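For reference, the chains in residue letters:
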Amino acid sequence: MFKKIWKQSDQQLVRLCLKGDQAAWESLVSRYQRLVYHFPNDARLSPQDCDEVFQETFLSTYKSLEKLLEVQALDHWIATVAKRTTWKVVQRNRRHPMESLAEEFDVEDPDLIPDEHLEIRVQQAGIRRAIGMLNGRCRTLLHLLFYKYDSGDYDKVAKEAGIARGSIGPIRHRCLVKLKNVLEQMGINQKSVSKRDP
Amino acid sequence: MDRLENFWEKLRQLARSDSSVDVPETTHNKALSIFPSRQETKSKYIFLLSPANLAAVRKAGSNRKYFYELGNSIVQLEQANQETGSRLSGFVHGIEDGPVTLYGDECVFQKSISNGEFLFESVPFGSYRVCFSHEGECSWITDLRLNQVTDS
């Protein structure tokens, strides 16, 4: 049941949330929690302030569920709320000297924060989510190749994934095709990814 | 490099620069607790804590209860309904007896702490702060906000 919900589109989840479906809400939170938390964490806010941004962002999401039925890109919407909420907390904290302040949020208006930061985080979250939606073997292999090892560490990858070294190339190719299809459904394609370098 | 390999490399670069971290479970649970649980879909209200001083919130049992742990203090809010108002109880470490005051926008409630415990009943919805008076000084433990969020 949870797996099915996990694969629902954002709009389907929002519709279920409006019907009071708690599993849909849990799925929505799980889907975007890492993206939301990315903003306050990158701004070097305290764990308490990160919690505050997190809770406020999802509270805004909850209050806006009806409006979100009309929103095409929920990931961007949520990321924008998290970015603005983070900015507010950063501004509030400026009254107290901070050890370090993330330059990105050191602006007079949240609209001055470059969009590319938001776009990159949205895409990074999308890649993680897409990998998570692949089958077990692809999920394991791509996770190791993307997040754990350098591209040349095939020996280590083969050992950890339990795949013969010579099979990694072909399996990787098949997994990438699958990943590409999932990402395209999420609005991430070769063109949009290649627009900006991280 | 063909297009697919080029795409692979771009994705890998993005993934490698991903500095996001796992979300702590307590943080995750806070977002879950915003949503009324199945048994409470007919509830008209949920409680929300103004998170300015929030240290930890966790949901306990099947009843909708929130525990706010702030330093040495714990404030507990229980789900209420429109008729009875809210119920707020807590325990304070280190203060056995003394006044505790609930300051709202339009009303003030005062109770005594007995053996470290206090209880407010039938508190109307609104914004509140809780203060322990100890040796003549008011010690604010948190900002509480009780919000009406749905009309079922």
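Analysis parameters
- Within every chain, residues take consecutive numbers counted from 1 along the sequence as written.
- Lettering of chains starts at A and numbering of ligands starts at 1, both following the order in which they are written.
- Where local features are concerned, this predicted model is filtered to residues with pLDDT of at least 70; where side-chain atom pairs are given and counted, the filter is 80 or more; whole-chain, interface and lining totals use all residues.
- In predicted models, pLDDT denotes the confidence assigned by the predictor to each residue on a 0 to 100 scale.
- Strands here are runs of E lasting at least two residues and helices are runs of H or I lasting at least four, both read from the DSSP assignment and numbered beginning at the N terminus.
- For every residue pair, C-beta atoms are placed from the backbone, and the pair is scored as a contact if these atoms sit within 7 Å.
- Any nonpolar core is a set of buried residues, restricted to Ala, Val, Leu, Ile, Met, Phe, Trp, Tyr and Cys, that join up through C-beta atoms within 7 Å.
- Exposure in this text rests on C-beta crowding, where 20 or more other C-beta atoms within 10 Å of a residue's own make it buried, 12 or fewer make it exposed, and counts in between make it partly exposed. The C-beta atoms are placed from the backbone.
- Where each domain begins and ends follows an automated or database-derived domain assignment.
- Each residue gets one of three labels, nonpolar for Ala, Val, Leu, Ile, Met, Phe, Trp, Tyr, Cys and Pro, charged for Asp, Glu, Lys and Arg, and polar for the others, Gly among them.
- A helix is expected to span 1.5 Å for every residue after the first.
- The directions from the helix axis to the C-beta atoms form the arc being described.
- Whenever a helix is involved, its axis is fitted only over the stretch in contact; in every case the axis is a line through C-alpha atoms, and angles between N-to-C directions fall within 0 to 180 degrees.
- Put simply, angles under 35 degrees are roughly parallel, angles over 145 are roughly antiparallel, angles from 65 to 115 are roughly perpendicular, and the rest are oblique.
- Crossing chirality is assigned from the near helix's rotation relative to the far helix, an anticlockwise turn below a right angle marking it left-handed and a clockwise turn marking it right-handed.

How do you make sense of the confidence of the model for chain B when you look at a structure like this?
The predicted coordinates of low-pLDDT regions are not to be read in fine detail. Residue and element names in this part refer to chain B. In the predicted model, chain B carries a mean pLDDT of 59, and the fraction of residues at 70 or more is 36%. Confidence, expressed as mean pLDDT per element, reaches its minimum in chain B at strand β2 (residues 57–59) with 32 and its maximum at helix α1 (residues 3–16) with 88. Confidence drops under pLDDT 50 across residues 38–82; counting only partners more than four residues distant or on other chains, this segment forms 102 contacts. Contacts from residues 142–152, a stretch scored under 50 in pLDDT, to residues over four places away or in other chains number 32 contacts. Both scores are available for the predicted complex, with the pTM at 0.64 and the ipTM at 0.83.

What's the story with the nonpolar core in this structure? I'm lost.
When a protein is soluble and globular, its nonpolar side chains tend to lie buried together. Residue and element names in this part refer to chain A. In this structure, Leu 28, Leu 35, Val 36, Val 53, Phe 54, Ile 78 and Ala 82 are the most contacted members of the largest nonpolar core, which totals 35 residues. Of all elements in the fold, only α2 (10–18), α3 (22–42), α4 (47–63), α6 (74–93) and α7 (115–132) reach the threshold of two or more residues within this core. Per-element accounting of this core gives the leading share, 9 residues, to α3. Per-domain counts for this core show at least three residues from each of domain 1 (1–113) and domain 2 (114–198). Every residue in contact with Val 36, bar those within four places of it in the chain, is listed here: Phe 54, Thr 57, Ile 78 and Ala 82. Ranked by size, the runner-up nonpolar core spans 20 residues in total, among them Leu 141, Val 157, Cys 175 and Val 193.

Would you mind going over the interface of chain A and chain B with me for this structure?
Accessible area lost upon the coming together of the parts is a frequently used measure of interface size. The interface of chain A with chain B comprises 36 residues on the first partner and 31 residues on the second. Element by element, the count of residues in the side of chain A that touches chain B is highest for α4 of chain A, at 11 residues. Its residues assigned to classes, the side of chain A that touches chain B comprises 15 nonpolar, 12 polar and 9 charged.

In this structure, what is going on with α1 of chain B? I would like to understand it.
Structural remark: α-helix, 3.6 residues per turn; residues separated by three or four positions point the same way. Here α1 of chain B spans 20 Å end to end across 14 residues, near enough to the 20 Å set by a 1.5 Å rise per residue. For α1 of chain B, the complete set of buried residues consists of Phe 7, Trp 8, Lys 10, Leu 11 and Leu 14 of chain B. Burial along α1 of chain B is one-sided: seen end-on, the buried residues are contained in an arc of 165 degrees. Where α1 of chain B is buried, its residues contact α7, α10 (165–185) and α11 (190–193) of chain A.

Can you help me understand the packing of α4 of chain A against helix α2 (residues 25–34) of chain B in this one?
When two helices pack together, their arrangement is given by the angle between the helix axes and the distance between those axes. Two elements in contact, α4 of chain A and α2 of chain B, have axes separated by 9 Å at closest approach and are oriented at 25 degrees. Considering their axes alone, α4 of chain A and α2 of chain B lie roughly parallel with respect to each other. For α4 of chain A against α2 of chain B, the interelement crossing comes out right-handed. Listed contacts from α2 of chain B to Cys 50, Asp 51, Phe 54, Gln 55, Phe 58, Leu 59 and Tyr 62 of chain A of α4 of chain A are Thr 27, Lys 30, Ala 31 and Ile 34 of chain B. Here the residues of the contact of α4 of chain A with α2 of chain B are counted per class, giving 7 nonpolar, 2 polar and 2 charged.

Which parts of the structure should I look at to understand the packing of α7 of chain A against α1 of chain B?
At a minimum axis distance of 9 Å, the contact between α7 of chain A and α1 of chain B shows a crossing angle of 105 degrees. What the angle tells us is that α7 of chain A and α1 of chain B run roughly perpendicular. Contacts between α7 of chain A and α1 of chain B involve Ile 120, Gln 123, Gln 124 and Ile 127 of chain A on the former and, on the latter, Leu 11, Leu 14 and Ala 15 of chain B. For the contact of α7 of chain A with α1 of chain B, the class distribution of residues is 5 nonpolar, 2 polar and no charged.

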